[in-house]
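Single-letter residue listing:
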Amino acid sequence: MQQVTIEDGGRVLTLFDQASARRRRFHAIWLRDNAQDESTRSADNGQRLITLADIPLDTRISNAWSDQSRLYVTFSNDTTAFAYDLDWIDANCYDKKHAADVGRLESGVETWDAKLQAPVADFAELRESPASLRDWLWQIRRYGFARVSNGPIESGALLQVASWFGYVRSTNYGEYFEVRTEVNPNNLAYTGLGLQAHTDNPYRDPVPTMQILYCLENSASGGESVVVDGYRACQRLQETDPDAFGLLSQYCARFEYVGSGGVCLKSQKPVIELSVDGRLQAVRFNNRSAAAITDVPFDLMEKYYAAYRRFADIIDDPEMAVSFKLSPGECFIVNNTRVLHARSAYSGEGSRWLQGCYPDIDGMMSTLAVLESEQFE
Ligand code: FE2
């Protein structure tokens with residue numbers, strides 16, 4: 001049973017769990033704002049129906065008590081007894097030690113290097129089995145990368161993969177784009193040269209959050225796909241050279257793509273992006289579309305370049321790379337804010353044809369959350 005006390009003139013409610021000796025505090029204004037009743041939250045979709053202006057600034061708790069499963073609270077300016085599920089209160093408690101480590105990872109994320117056993121799933125099984133789809137998406141959230149095998153060898157099949165979990169973002173390259181050898185290429189991805197590990201399109205803001213690359217032909221020799229965990233690269237940089245990590249996360253780089261057809265895309269973002277409270281949020285690394293860096297102070301520019309070079313060396317370290325050759329009907333998907341991809345050079349003999357698209361990660365996370373809340377055989 002929870003012991004409930006009102007403190008500080010009704011500003012604060014304290015729950016004390018005698019069994020665990022755990023004490024948790026909540027503010028009156030927070031409790032009122034998070035009331036679960038039908039006048040505060042829509043019974044249909046849980047959306048809040050009141051605004052901040054509906055809550056008096058001097059809101060105080062006038063009475064509070066609990067039973068086995070619920071906490072009840074009345075406020076000084078209202079006769080309603082608001083009920084809170086104690087499990088919900090537990091899950092949303094903010095009176096705790098907040099992680100402050102700079103460069104920390106979101107829970108459920110695990111970094112990897114060349115030793116990763118690449119997650120792979122069968123196309124038909126993902127299409128037919130929600131449990132298989134859930135497990136595959138879980139791996140994408142965890143590793144930022146997964147593969148699909150045994151898919152159809154038909155143009156546009158990558159859109160089927162995207163449709164299982166979300167929505168594709170159209171860009172100036174279209175709903176999806178072709179990656180194949182072309183005469184007069186206007187983008188290096190369309191030539192037979194190798195490509196250094198990179199994240200796609202850092203010149204966009206917002207940046208594409210996921211990418212699917214789907215193989216339709218791959219008879220040329222070489223042309224292996226390579227993926228590198230950018231978060232692991234960040235961890236290695238932070239461990240071995242924290243000042244370099246600081247420089248790449250505290251100053252903006254610039255990225256630019258000026259293409260044919262009236263495209264002029266520019267962004268100004270750090271190579272290593274942290275959230276305001278220090279969580280690792282995104283990696284942008286693409287030498288081909290890096291514009292002149294102008295946001296680093298003069299006295300730090302040489303140090304910045306040394307840090308940038310150190311980060312590039314970590315990314316290029318073979319111990320970081322997972323390599324594989326895609327066969328027709330196979331694809332891989334990456335979290336483009338985390339995992340870099342590369343391609344080894346391939347010869348002009350035979351052909352290599354991939355199609356790519358940019359699904360948004362919020363739709364993927366939504367589908368995963370729904371699948372995780374359901375029970376499967
Ligand atoms: Fe790419």
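Everything below is about the structure printed above this text.
As a starting point, this report considers the structure included with it. (Residues numbered from 1 in each chain as written. Predicted model: local features only at pLDDT ≥ 70, side-chain atom pairs only at ≥ 80, totals over all residues. Heavy atoms only, no water.)

## Notes on the overall build of the protein chain
Here's step 1: Helix and strand counts for the protein chain stand at nine helices and 20 strands.
Here's step 2: Expressed along its principal axes, the backbone C-alpha trace of the protein chain runs to roughly 80 × 60 × 45 Å.
Here's step 3: The 377 residues of the protein chain split such that 46% are buried.
Here's step 4: Across the protein chain, contacts joining residues at least 24 apart in sequence account for 73% of those joining residues at least 6 apart.
Here's step 5: When the accessible surface of the protein chain is totalled, it reaches about 18,800 Å², and 48% of it is carbon and sulfur.
Here's step 6: Averaged over its 37 positive side-chain charges, the protein chain has a centre that lies 4 Å from the centre of its 52 negative ones. (Helix = DSSP H or I, 4+ residues; strand = E, 2+ residues; numbered from the N terminus. Buried < 20%, exposed > 50% of the residue type's maximum accessible area, 1.4 Å probe, protein only. Contact = heavy atoms within 4.5 Å. Areas by Shrake-Rupley, 256 points an atom, 1.4 Å probe, with all protein chains shown as cover. Lys, Arg positive; Asp, Glu negative; His and termini not counted. Charge placed at Lys NZ, Arg CZ, Asp CG, Glu CD.)

## Details of unusual backbone geometry
Keep in mind that most residues, glycine aside, have a negative phi and that most peptide bonds are trans.
Here's step 1: Across the junction of Asp-205 and Pro-206, the peptide omega takes the value 10°, indicating a cis bond.
Here's step 2: Mapped onto the elements of the fold, Pro-206 is located in the loop between β10 (195-198) and β11 (210-218).
Here's step 3: At Ala-21, a position not held by glycine, the phi torsion is positive, near 60°.
Here's step 4: You can see Ala-21 is positioned in the loop between β2 (12-17) and β3 (22-27).
Here's step 5: Positive phi outside glycine occurs at Asn-150, with the angle close to 60°.
Here's step 6: Relative to the helices and strands, Asn-150 resides in the loop between β8 (145-149) and α5 (157-163).

## Thoughts on the coordination of the iron ion
Here's step 1: Protein coordination at the iron ion: the donors are His-198 (NE2), Asp-200 (OD) and His-341 (NE2), at 2.1 to 2.2 Å from the metal.
Here's step 2: The sequence pattern formed by the donor residues of the iron ion is H-x1-D-x140-H. Pair noted here: Asp-200 is in the loop between β10 and β11 and His-341 is in strand β19 (residues 339-343), with a separation of 141 residues, a long-range link. Neither Asp-200 nor His-341 differs from the other in exposure class; each is buried. (Donors = N, O, S within 2.8 Å, 3.2 Å for Na, K, Ca; no water.)

## Quick word on the packing of aromatic side chains
Here's step 1: Per the stated rule, a full pass over the model turns up 19 aromatic pairs.
Here's step 2: Ring plane angle 85° and centroid distance 5.9 Å describe the contact between Phe-26 and Tyr-94, whose orientation is recorded as edge-to-face. Note that Phe-26 is positioned in strand β3 and Tyr-94 in the loop between α2 (86-91) and β7 (120-122), a separation of 68 residues in sequence.
Here's step 3: The class for Phe-26 is buried, based on a relative accessible area of 0%.
Here's step 4: Assessed through its relative accessible area of 24%, Tyr-94 is described here as partly exposed.
Here's step 5: Clustering of aromatic rings is evident, with ring pairs tying together Tyr-173, Phe-177, Tyr-203, Tyr-257 and Tyr-358.
Here's step 6: Positioned above the aromatic ring of Trp-353, the side-chain terminus of Arg-180 is 4.3 Å from the ring centre. (Phe/Tyr/Trp six-rings, centres within 6.5 Å; stacked < 30°, edge-to-face > 60°. Lys NZ or Arg CZ within 6 Å of the ring centre and 35° of its normal.)

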